[in-house]
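Below are the chains, spelled out letter by letter.
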Amino acid sequence: SSGINAEYGGMATLSPEDEDYEPYYNNSEQSDNYWTAHGFNYHQGPEWVWCMGFYLRAKLCDFVRQADREGEVKGMQVAQYFVTVLAPHRAMIARTPFRGLTELTNKDGGHCPGSCPTQAWSSACIMEFLAEWRTGRFAADYK
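Residues numbered from 1 in each chain as written. Predicted model: local features only at pLDDT ≥ 70, side-chain atom pairs only at ≥ 80, totals over all residues. Heavy atoms only, no water.

Student: Even after reading the chapter, I still don't get the overall build of the chain, so can you show me in this structure?
Tutor: A count of helical and extended segments in the chain gives four helices and four strands. Start at the N end of the chain and walk to the C end: the helices and strands fall as β-β-β-α-α-β-α-α. Within the chain, buried positions represent 39% of all 143 residues. Looking at the chain alone, contacts between residues at least 24 apart form 57% of all its contacts between residues at least 6 apart. Accessible surface for the chain amounts to roughly 8,400 Å². Of this, 55% is attributable to carbon and sulfur atoms. (Helix = DSSP H or I, 4+ residues; strand = E, 2+ residues; numbered from the N terminus. Buried < 20%, exposed > 50% of the residue type's maximum accessible area, 1.4 Å probe, protein only. Contact = heavy atoms within 4.5 Å. Areas by Shrake-Rupley, 256 points an atom, 1.4 Å probe, with all protein chains shown as cover.)

Right, dumping it as structure tokens:
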């Protein structure tokens with residue numbers, strides 16, 4: 001598994017196949033579990049939303065290179081892919097009182113109470129990707 005959870009909008013910080021993978025972050029946990037107590041697993045499994053902006057830019061690069069090799073742009077397929085991947089982000093913006101994207105989610109996009117409810121760089125990374133895609137500014141950079 002890649003750790004990319006496009007269905008839910010985040011990217012895990014550790015592969016689910018890793019023995020130290022702990023996908024449920026809870027900074028308030030006061031247990032004796034060394035791997036999760038006091039939020040120890042912050043970088044060991046929760047899904048980070050800001051990483052998706054860079055993932056989408058890499059996918060865009062891949063689509064551009066594929067079009068160069070094949071000699072055609074499959075614009076509708078590319079658009080449908082990005083619309084599908086960004087659907088959880090749109091839903092998150094619509095349902096949160098702050099109209100923003102969270103810092104991180106638990107496994108499969110689950111609510112993470114220890115996460116910042118609206119993280120500037122989560123929104124900014126997605127917005128940067130959208131601006132590049134919309135303007136076509138990416139094309140020369142990614143060849």
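Student: I keep staring at the packing of aromatic side chains and nothing clicks. Help me out?
Tutor: The way to describe two aromatic rings as a pair is by their centre distance and the angle between their planes. Applying the stated criterion across every chain, the model contains twelve aromatic pairs. Between Tyr34 and Phe40 the ring centres are 4.9 Å apart and the planes differ by 40°, which places this aromatic pair in the tilted class. Among the residues examined, Phe40 registers a relative accessible area of 37% and is labelled partly exposed. Ring centres of Phe129 and Trp133 lie 5.8 Å apart, and the angle between their planes is 20°; this geometry places the pair in the stacked category. One end of the pair is Phe129 and the other is Trp133, both in helix H3 (residues 120–135) and four residues apart, which spans about a single turn. With relative accessibility at 0%, the residue Phe129 sits in the buried group. Here the aromatic cluster, defined as three or more aromatic residues joined through ring pairs, consists of Phe63, Tyr81, Phe82, Phe129 and Trp133. The ring centre of Tyr81 lies 5.2 Å from the NZ or CZ of Lys59, which sits over that ring. (Phe/Tyr/Trp six-rings, centres within 6.5 Å; stacked < 30°, edge-to-face > 60°. Lys NZ or Arg CZ within 6 Å of the ring centre and 35° of its normal.)

Student: Which parts of the structure should I look at to understand the packing of helix H2 (residues 75–95) against H3?
Tutor: Orientation of H2 relative to H3, taken along the N-to-C sense of each, is 160°, at an axis distance of 13 Å. Taken together, the axes of H2 and H3 are roughly antiparallel relative to one another. Helix-helix and strand crossings are classified by hand; for H2 and H3 the assignment is left-handed. Of H3, the residues touching H2 (which contributes Val78, Ala79, Phe82, Leu86 and His89) are Ile126, Phe129, Leu130 and Trp133. Tallied by class, the residues present in the contact of H2 with H3 amount to eight nonpolar, one polar and no charged. (Axes fitted to C-alpha atoms, helices over the stretch in contact; angles between N-to-C directions. Parallel < 35°, antiparallel > 145°, perpendicular 65-115°, else oblique. Left-handed = near helix turned anticlockwise from the far one by under 90°. Nonpolar A, V, L, I, M, F, W, Y, C, P; charged D, E, K, R; others polar.)

Student: Help me understand the confidence of the model for the chain in this model?
Tutor: Predicted coordinates in regions of low pLDDT should not be interpreted in detail. On average, the chain scores 85 in pLDDT, and the residues at 70 or more come to 87%. No element of the chain has a lower mean pLDDT than strand S1 (residues 4–5), which averages 54, and none a higher one than strand S3 (residues 47–48), which averages 92. (pLDDT = per-residue confidence, 0-100.)

Student: How do you make sense of the side chain of Glu132 when you look at a structure like this?
Tutor: Turning to its location among the elements, Glu132 is positioned in helix H3. Reaching out from Glu132, the side chain makes a polar contact with the side chain of Arg57 at a distance of 2.9 Å. (Polar contact = N/O pair within 3.5 Å; in protein donor to acceptor, adjacent residues only side chain to side chain.)

Student: Sorry if this is basic, but what is going on with unusual backbone geometry here?
Tutor: Working note: non-glycine residues mostly have negative phi, and peptide bonds are mostly trans. One non-glycine residue, His38, lies in positive phi territory at about 55°. Here Asp108, not a glycine, exhibits a phi torsion of approximately 55°, which is positive. Looking at the element boundaries, Asp108 is found in the loop between strand S4 (104–105) and H3.

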